[in-house]
Each structure stands twice: as C-alpha cells, then as structure tokens.
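Given next are the chains, with one letter for each unit.
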Amino acid sequence: MRTSRISRLTRALAILAALTFIIASSGSALATHTFHKYSVVRDSGQFAYTGVYSTRTDAVPSGLTPGPCTATPFQNSPVYYTQWVVINSQATDWVEMGTGYGCEGQRYWFWGYAWQGTWYPIDTEWFFPLQQNYYDIHRVGEIWYFNINGVNKAIKPWNAVGVYVDAGLESYNGHVNTGWISHWELQRTLSESSWYYWSGTYVAALHTPEMCGQLVSSTNYRTRQAAPGTAC
Amino acid sequence: MKAILLASALIAATACGDSARALSGGTSSLFDATAQQRCEAERPNVTGYGRVDRLTAAFSLTAGDLARWMLTRHGPLGPQGTSRWADYPATELLALCYFDGVFSGFPRPAAAAGRPPYDRIAIVAVGSSGHVLDAAGYRADLPATRPLIP
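If you're wondering where the values come from, they're calculated on a predicted model, not measured in any experiment. (Residues numbered from 1 in each chain as written. Chains lettered and ligands numbered in written order. Predicted model: local features only at pLDDT ≥ 70, side-chain atom pairs only at ≥ 80, totals over all residues. Heavy atoms only, no water.)

Participant: With reference to specific residues and values, describe the overall build of chain B.
Facilitator: The number of helices and strands found in chain B is three helices and four strands. Taken from the N to the C terminus, the helices and strands of chain B come in the order α-α-β-α-β-β-β. Relative to its full complement of 150 residues, chain B shows a buried share of 46%. The long-range share in chain B, meaning contacts at least 24 apart out of those at least 6 apart in sequence, stands at 63%. Total accessible area on chain B stands at roughly 6,600 Å², and carbon and sulfur atoms take up 61% of it. (Helix = DSSP H or I, 4+ residues; strand = E, 2+ residues; numbered from the N terminus. Buried < 20%, exposed > 50% of the residue type's maximum accessible area, 1.4 Å probe, protein only. Contact = heavy atoms within 4.5 Å. Areas by Shrake-Rupley, 256 points an atom, 1.4 Å probe, with all protein chains shown as cover.)

If you want it as structure tokens, here you go:
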C-alpha cells in the first residue's frame, strides 16, 4: 500500500517536473517563418564594389496577410524588393536598401547595414509612392550614401568595399503573388569611380517553383513570386 | 524518495531560472528597474519578429547617451558615425531592451539565406508605447551588455 502511494507520488512529481520544463522552455507560441525564398541577380568578378543602383516601379503584392496589423517594419511575413552591396564572401557584412511589404496596407522604404553577422536597420519611411523610383547606395570618401530618387536618406561612414552587388526579390510569405517587377538600369561603381552598367550579370538565386526570374538583359531583371500552385 | 524530490526541484529550478531572473531583476547589472518595466510592456509588440523566449537585459539611457554609444560601438574598423537618436532631445529617457528567442523575417542577402534565424534582437522602447528595432543578430555577436558611453 505504502509502496503504491510512493510510486504514484513519484510519477506525479516526474510529470510535474517535465511539464514545468516544457512550459518554461517553450516561450511564446509564435512560429518563425518556414518560407524564405529569393529571386536575385548579381554582378561580380570586379574589384572593390562601392555602389549599386536600380530603377524600379513597385506594385503591391496580392495575398498579403489581411490587416489591420502592427505598423512595425520587418514583421508580418514580409516581402522585400531590395538591393545589396555585399562586403565579404561570407555575407556577414553588407549595406542594403529596399522596399518592404508586411500585411495589407503596409509598405515602407528601408535602409541599413550588417556588420559581423548582426543586422542594423538605419531607418524606414512609410507609404512611399507607387511610381518609378531610383535607388542607389554608393560610397564616396569612405562614406556610404543611401539615396532614393536622388534624395539622401542616410549616410554611414565605413571603410569597406563590396565583393559583389545583388538586386532582386526576397520573400518570407509563401502566399503572395507579386506580379512581374523589373529591376532595371542596373549599375554599379568600383573604387568610388563613375557609375557603369552591370555587365557580368547572372542569376545568383532563383528558388523555384514560387520564385520566378527573367534576365531580360544584363541591366534588366524581371522578378516575380507566383501564387502557390501556379506557374511563373 | 528524497533523491527524486531533489531531482524534480532541480529540473524545475533550472527550467525556470532565466525567466525568474528576468522577472525579478536578479541579475541587477542587466536590468534597470524602469527599463525592465518598459521592455516587458513592449514584449507583445516584438512577437511579430518571431518567438520571444525572454527579456535578457534592459537598460535606461538618455537619447544623448544612446546616440554617443551608437556612434562608436563598432570600434574603429566598423561602420561609424550616425544615430537617429542624435535628433532626439538629449535628456529624453529611453529603454534599450535585449530579447532572446528565434527571430526571422529580416532582409539579408541570398548568400546568407542558409543561416539559422537570429536568436537575439535589440530594440529601443520610446515613450510609453512603441519601439524602434536597433539590431537583429546572434548572441555570440550581439552581446546584451550595458552600453559603455564614451
């Protein structure tokens, strides 16, 4: 009788301990993104990339998470049209500027940098105009300038140069349909010199079947994320 | 029997340790009381970045001090010299909060796509509600330590 009671108590304590551990370890119930895909074009093979430029007319993706949602950039399974100067081959350092779409009604410009594996957004700007916009990041006098439509948005002094430049579509949302968007007039600078059109252009990442890409020319890349179950 | 009780207590204590420390502010050098309250209040607004396991550190800083720290925090070889907080009233009190968990959804180059989600974010809580994301990274590269103001 006594042995049986002890046995039951032991089992109860073990279950209690296990439950306590599970609850304490689980944290928030929110899951992180399982969908993360790219359609990206690249110019590489040169020495000391110090600028990337593109022209783009965004269209709001369909299928975004219905609003209202928190008006916080980088949340709500975002979709990005963006461009990078990647500083090292490990891709732990870069500068970047692009557009982000969260849930319905959310769109923003963003610019920032990453250093030693940590990403630092510099700033964001809400509700940019859905028109043809010109994006450039370039370095002059060891200072990186983040410009949109020729207007300076931020600077970041940093004596670093890129190993390549990328532009394209990055998505954390597996349910959207973006339609075709062109990243065109793709240009770059080397060693803080003049702007030149990309010439060694190639598709660096195309995560099918959702992500689509057409290299129209060395300076024009069309990207799209197709709705689930549909072809490009 | 005593051994089982002791083991159960140890397991529970280990599992709850971090949360308990965070709530009580037991690791006092990592938790300024005012900032801790403000950061805890902001926790629901950071769950959109991913799964929040705990508040790891909370520091009260003026906008002026925060700006000064950010201007030089990467050292002489890293990016330099700008901070949005330089435009704020220098004496405005802000809370710098570090949360650990699993965070994704941030832009990154395709070459970095295979890396695991970040496990730490830093935010600056502003006013009585709202925040600005300061950084997203890995614990090894983004220490949750009190900023050294130059």
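Alright, that's what it looks like, and here's the rest.
Participant: Describe the overall build of chain A, and please don't skip the residues or the numbers.
Facilitator: In terms of helices and strands, chain A carries one helix and 14 strands. Taken across its 232 residues, chain A has 51% of its residues classed as buried. Look at the contacts in chain A between residues 6 or more apart in sequence, and 67% of them connect residues 24 or more apart. If you sum the accessible surface of chain A, you get close to 9,700 Å²; carbon and sulfur atoms cover 57% of it.

Participant: Tell me what's going on with the state of the cysteines, and back it up with residues and numbers.
Facilitator: Residue and element names in this part refer to chain A. A full pass over the atoms with the stated rule returns two disulfides over all chains. At a sulfur-sulfur separation of 1.9 Å, the disulfide partner of Cys212 is Cys232. What sets the handedness of the Cys212 and Cys232 disulfide is the S-S torsion sign, and at about -85° it is left-handed. Of this pair, Cys212 sits in strand β13 (residues 211–217) while Cys232 sits in the segment after β14 (220–225), placing them 20 residues apart in sequence. For Cys212, a relative accessible area of 2% gives the class buried. (Disulfide = S-S within 2.5 Å.)

Participant: I'd love a proper account of the side chain of Thr219(A), names of residues and values included.
Facilitator: All names here are of chain A. Along the polypeptide, Thr219 turns up in the loop between β13 and β14. The buried category is assigned to Thr219, whose relative accessible area is 18%. Look past the residues within four positions of Thr219 in its chain and what remains in contact with it is His183, Trp184, Glu185, Leu186, Tyr197 and Trp198.

Participant: Account for the pairing of strand β4 (residues 107–115) of chain A, naming residues and giving values.
Facilitator: Residues and elements named next belong to chain A. Of all nine residues in β4, nine are buried, a share of seventy percent or more. What you see with β4 is no split at all: Arg107, Trp109, Trp111, Tyr113 and Trp115 on one side and Tyr108, Phe110, Gly112 and Ala114 on the other are buried throughout. Across eight bridges, strand β3 (residues 94–101) lies against β4 in antiparallel orientation. When the sheet's bridge partners are listed, Gly100 is paired in β4 with Tyr108. Linking β3 back to β4 in an antiparallel pair, the connection comprises five residues, with Gly105 at a positive phi of about 90°. Sheet topology note: the β4/strand β5 (residues 118–126) ladder contains eight bridges and is antiparallel. Paired with Phe110 across the bridge in β5 is Thr124. (Pairing = 2+ DSSP bridges.)

Participant: So what's going on with the environment of Thr50(A)? Which residues, and what values?
Facilitator: Residue and element names in this part refer to chain A. On the secondary structure map, Thr50 appears in strand β1 (residues 37–57). For Thr50, a relative accessible area of 0% translates into the label buried. Placed 80 residues apart in sequence, Thr50 and Leu130 show a C-alpha to C-alpha distance of 28 Å. For Thr50, the residues in contact, after removing those within four places along its chain, are Ile137, His138, Arg139, Trp144, Val161, Thr189, Leu190, Ser191, Glu192 and Ser193. Polar contacts involving the side chain of Thr50 include one to the side chain of Thr189, which spans 2.8 Å. Within the structure, the side chain of Thr50 is placed 2.8 Å from the backbone nitrogen of Glu192, a separation counted as a polar contact. (Polar contact = N/O pair within 3.5 Å; in protein donor to acceptor, adjacent residues only side chain to side chain.)

Participant: Could you give an account of the side chain of Asn173(A), with specific residues and numbers?
Facilitator: When you line up the elements, Asn173(A) lands in the loop between β9 (162–171) and β10 (181–190). Here His175(A) takes part through its backbone nitrogen, which lies 2.9 Å from a polar atom of the side chain of Asn173(A).

Participant: Outline the packing of aromatic side chains, supporting the account with residue identities and numerical values.
Facilitator: Following the criterion strictly, the structure yields 22 aromatic pairs over all chains and no others. With a centroid separation of 5.8 Å and 80° between ring planes, the pair formed by Phe74(A) and Phe110(A) is classed as edge-to-face. With Phe74(A) in the loop between β1 and β2 (79–86) and Phe110(A) in strand β4, this residue pair connects regions lying 36 residues apart in the sequence. A residue is classified by how much of its surface remains accessible, and Phe74(A), at 3% relative accessible area, is buried. Judged by relative accessible area, Phe110(A) falls into the buried class, the value being 0%. Each residue in the set Phe74(A), Tyr80(A), Tyr108(A), Phe110(A), Trp119(A), Trp126(A), Phe127(A), Tyr172(A), Tyr49(B), Phe106(B), Tyr118(B) and Tyr138(B) is aromatic and connected to the rest through ring pairs, giving one cluster. (Phe/Tyr/Trp six-rings, centres within 6.5 Å; stacked < 30°, edge-to-face > 60°.)

Participant: Explain helix α2 (residues 33–46) of chain B to me, using residue names and the numbers behind them.
Facilitator: An α-helical segment advances 3.6 residues per turn. Residues three or four places apart therefore align on the same side. Residues and elements named next belong to chain B. With 14 residues, α2 should reach 20 Å at 1.5 Å per residue; the first-to-last C-alpha distance of 20 Å fits that figure. The largest bend in α2 comes to about 30°, at Glu40, with the proline Pro44 one to four residues further on. Among all positions in α2, only Ala35, Gln36, Arg38, Cys39, Glu42 and Val46 are buried. (Expected span 1.5 Å × (residues − 1). Bend = angle between axes of the 7 residues up to and from the residue.)

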